[in-house]
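# Inside the fold
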Amino acid sequence: MIVVLAAASAPRLTDVERFDRLHAELHGDLDDARLEPLCRRSDEPGHVWLRIAEARARGADASSGDDFNAGFDAMIEYAASHGWLDAAGTHVRAHVRSV
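Read on for an overview of the structure. In this text the structure is predicted, and so the values were computed from the model without any measurement. (Residues numbered from 1 in each chain as written. Predicted model: local features only at pLDDT ≥ 70, side-chain atom pairs only at ≥ 80, totals over all residues. Heavy atoms only, no water.)

## Digging into the packing of helix α1 (residues 52–62) against helix α2 (residues 68–81)
Following both chains from N to C, one finds α1 and α2 inclined at 150°, their axes separated by 10 Å at the closest point. As far as their axial angle goes, α2 and α1 are roughly antiparallel. The two elements α1 and α2 meet at a crossing, and its hand is right-handed. Seen from α1, the contacting residues are I52, A55, R56, G59 and A60; seen from α2, they are F68, N69, F72, D73 and I76. For the contact of α1 with α2, the residue count by class is 6 nonpolar, 2 polar and 2 charged. (Axes fitted to C-alpha atoms, helices over the stretch in contact; angles between N-to-C directions. Helix = DSSP H or I, 4+ residues; strand = E, 2+ residues; numbered from the N terminus. Parallel < 35°, antiparallel > 145°, perpendicular 65-115°, else oblique. Left-handed = near helix turned anticlockwise from the far one by under 90°. Contact = heavy atoms within 4.5 Å. Nonpolar A, V, L, I, M, F, W, Y, C, P; charged D, E, K, R; others polar.)

## Some thoughts on the side chain of S42
Mapped onto the fold, S42 is located in the loop between β4 (39–41) and β5 (47–51). Discounting residues that sit within four places of it in the chain, S42 has contacts with H47, V48 and W49.

## A look at the sheet that holds strand β2 (residues 12–14)
The sheet built from 6 strands is open, its strands ordered β2-β1-β3-β6-β5-β4 with mixed pairing. The outermost strands of the open sheet, each flanked by one partner alone, are β2 and β4. On average, each strand axis in the sheet is inclined to that of its neighbour by 35°, with strand direction left out of account. Where strand β1 (residues 2–6) lies against strand β3 (residues 23–27), 5 bridges are found, and the strand directions are parallel. By the bridge assignment, V4 is partnered in β3 with E25. Relative to the sheet, α1 contacts β2, β5 and β6 (91–98), its axis offset from that of β5 by approximately 65°. (Pairing = 2+ DSSP bridges.)

In structure tokens:
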């Protein structure tokens, strides 16, 4: 799953059925990128916080497979096992790559 971030458009998801990777692709400067409602800023440079519920809803809408929820749950469980969820468990940390 990839979160696409840019200043000129709202954040969107691509590769929603790829659960073996999660990151954000940044087009431009992170300070100018629109993050809401899918993401919020992280205090850690080079990362954003992805809203799990919003990503699940958008991914399920875009998915063509019946196994989306199981795959998404496994991806979030993996992230949780590595400490990549926020304290509330509502956001997952995503690395930002400039493209």
